[in-house]
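Chain by chain, the residues run as shown.
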Amino acid sequence: MEQPIAVTRQSFDDWMVPVYAPADFILVRGEGSQVWDQQGKSYIDFAGGIAVNALGHAHPVVTAALVEQAGKLWHLGNGYTNEPVLRLAKQLIDATFADKVFFCNSGAEANEAALKLARKRALDKGNSSKNQIVAFNNAFHGRTLFTVSAGGQPKYSKDFAPLPGGITHTPFNDLAAAAEVINDQTCAVIVEPIQGEGGVLPADPAFLQGLRELCDRHDAVLIFDEVQTGMGRTGELYAYTQYGVVPDVLTTAKALGCGFPIGAMLTTDELAKTLSVGTHGTTYGGNPLATAVAGAVFSIINTPEVLEGVKQRHQWFLDGLNKINQQYPIFSEIRGGGLLIGCQLTQDYAGKAKQITQLANEEGVIALIAGPDVVRFTPSLIIPEQDVKEGLARFARAVARICS
Ligand SMILES: *Cc1c(COP(=O)(O)O)cnc(C)c1O
C-alpha cells in the first residue's frame, strides 16, 4: 500500500478554497462525546459538528447500520426506490403531522424544496402574482442562492446579487410587523422556531401562533425550518410540538443523519401533490446508504429515554453555566431549549465569542459561536454526565483566562 499523503493544518490553507477558517488542529477520531486530534490530545465535544452528531461519534448501532447497508446497496438513483428510504419515510410520517416526505442531502436543499413547493402551489392555483415570501431578520436557511436570500443576514447574500426577488424580511418575534407584509400575494412564510445561527433566539409562542393564523387567512404555506431544532435537539422530536403550532411544511437535516449527509422536507398530502413527477429532484436524495443510517438514528432518538434525557442534560448545562457565570460574570443571558443553548456575552465581552471558543479548544473542549456575541452549545443528545462535568470544568478554565 502507498503511504497516505502527509497532511497538516497548513495543508488546508494550501489546498482548500478559503471559505472556512478551521481551528489550528486536525481531529482524527471520535468516540461518544470525546474527540482526539493528530497529536492525541483529547477534547470534550460540546458542538457535535454544529448540532449534527446527536448521538455522538461512532455510535455502535448507527455504525452497524452503515456497515450493514454498505455491504448491500449504496445507491440506485431515483428511477428505482429502495427499502431504507421507504422505512425512514414511514418513521417520520408516523411521528409527525406529515403525510409525505421528500429527501435530499442538506438543510439548504430541504428549504429550497419547501420554497419551490410554495411558489408552484400558488401558481397551480392560477394566481401568478401570489409569489411573495416572508422571512425574518437574522434567520439562517442555508447557502444556495434562494435560501441565502431567504436568510435574514445580508452579509451572507449581498455579494451574490442579483438575488432571487419576492422575499421580504421583517423583525423576528414582531407579529405586528409580519402582519403588515403578509397578504394575499404571500405564498410562504419561513421561520425557525429557535433561530440557531442567528444567536439561539427562541420564537415567542404567540409569534408562531400568529403566523399560523396569518398564513391560514391568506392561504400561505407556513414553513418551519427545523434543520437545527429538529431530531430531539429541544427535547421533543421537533420543536413545533412544544409550540402547539403545526406547520404546512417542515424541513429537517443536521441531526437526521447524525453526520451522514441527508435532509428532508415533510409536508401534507395536499401540498405534496404540487411537486408532481419531474418538477423537482436530486440525484442522491433518499439514497439507501443515507436513509439506512438515518433510520437507525431515528429509532434511537425518537424514544422517551433520549428525549427525556435531553431535558435532564439541559439542566446540567444550565446549572454548570450559571455557576461559571457567578464566578466570572461574562454572560448576560443563557437561553435556548434542550441541548441548543446560547450564552449571550455581556457588553464587556462583546465580539469575543470566537476568542472564547479558541481558548476552550486549548483547554480541551469544543464549543460553537452563534454570531460574534454568543457562545453556543449543541452537544450529543446522549452525552454522559461525566463528560458534561469535565467539559464545563475545561470551559470554566477558558473563561477564567478571558477574564484575567
Ligand atoms: C444549518 C442550517 C441550515 C442549512 O443546512 P445545510 O445542511 O448547511 O445546508 C438551514 N437552516 C437552519 C435553521 C440551519 O441551522
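The structure contained in this document is the topic of the report that follows. Being a predicted model, the structure only gives us computed values, none of them experimental.

**Details of the site of the ligand**
Part 1 of the reasoning: Around the ligand, a shell composed of Ser106, Gly107, Ala108, Asn111, Phe140, His141, Gly142, Glu192, Asp225, Val227, Gln228 and Lys254 is seen.
Part 2 of the reasoning: A distance of 3.2 Å separates a nitrogen atom of the ligand from a polar atom in the backbone of phenylalanine 140.
Part 3 of the reasoning: Here an oxygen atom of the ligand and a side-chain polar atom of glutamine 228 are 2.8 Å apart.
Part 4 of the reasoning: Protein contacts shield 82% of the accessible area of the ligand, which totals 390 Å² for the unbound molecule.
Part 5 of the reasoning: Of the residues forming the shell around the ligand, the biggest block, three residues, is contributed by helix H5 (residues 107–124).
Part 6 of the reasoning: Of the residues that constitute the shell around the ligand, the class distribution is three nonpolar, six polar and three charged.

**A few points about helix H9 (residues 205–217)**
Along an α-helix, residues three or four apart share an orientation, since each turn contains 3.6 residues.
Part 1 of the reasoning: Taking 1.5 Å as the rise per residue, H9 with 13 residues should run 18 Å; its terminal C-alpha atoms sit 18 Å apart, in good agreement.
Part 2 of the reasoning: All of the buried residues along H9 are Phe207, Leu208, Gly210, Leu211, Arg212, Leu214 and Cys215.
Part 3 of the reasoning: In this fold, the buried residues of H9 make contact with strand S5 (132–136), helix H8 (175–181), strand S7 (186–191), strand S10 (221–225) and helix H10 (240–243).
Part 4 of the reasoning: In the stretch just after H9, aspartate 219 is the one whose phi turns positive, near 50 degrees.

**A look at the sheet that holds strand S1 (residues 27–31)**
Part 1 of the reasoning: Strand order across the open sheet formed by four strands is S1-S2-S3-S15, with mixed pairing between neighbours. Two strands lie at the open edges of the sheet, namely S1 and strand S15 (365–366), each paired on one side alone.
Part 2 of the reasoning: Most of the contacts of helix H15 (residues 385–403) go to strand S3 (residues 42–45), to which it runs at about 110 degrees, and overall it touches strand S2 (34–37), S3 and S15.

**Focus on the sheet that holds strand S6 (residues 167–170)**
Part 1 of the reasoning: Ordered in space as S4-S12-S11-S10-S7-S5-S6, the seven strands form an open sheet in which the pairing is mixed. At either end of the open sheet lies a strand with only one pairing partner, and these are strand S4 (100–104) and S6. Looking at each pair of strands side by side, their axes are set apart by 20 degrees on average, direction ignored.
Part 2 of the reasoning: The pairing of S10 with strand S11 (residues 249–252) spans three bridges and is parallel. The partner of phenylalanine 224 across the bridge, within S11, is leucine 250.

What counts and how
- Residues numbered from 1 in each chain as written.
- Predicted model: local features only at pLDDT ≥ 70, side-chain atom pairs only at ≥ 80, totals over all residues.
- Heavy atoms only, no water.
- Near = heavy atom within 4 Å.
- Polar contact = N/O pair within 3.5 Å; in protein donor to acceptor, adjacent residues only side chain to side chain.
- Areas by Shrake-Rupley, 256 points an atom, 1.4 Å probe, with all protein chains shown as cover.
- Helix = DSSP H or I, 4+ residues; strand = E, 2+ residues; numbered from the N terminus.
- Nonpolar A, V, L, I, M, F, W, Y, C, P; charged D, E, K, R; others polar.
- Expected span 1.5 Å × (residues − 1).
- Buried < 20%, exposed > 50% of the residue type's maximum accessible area, 1.4 Å probe, protein only.
- Contact = heavy atoms within 4.5 Å.
- Pairing = 2+ DSSP bridges.
- Axes fitted to C-alpha atoms, helices over the stretch in contact; angles between N-to-C directions.

Read these as geometric descriptors, not functional statements.
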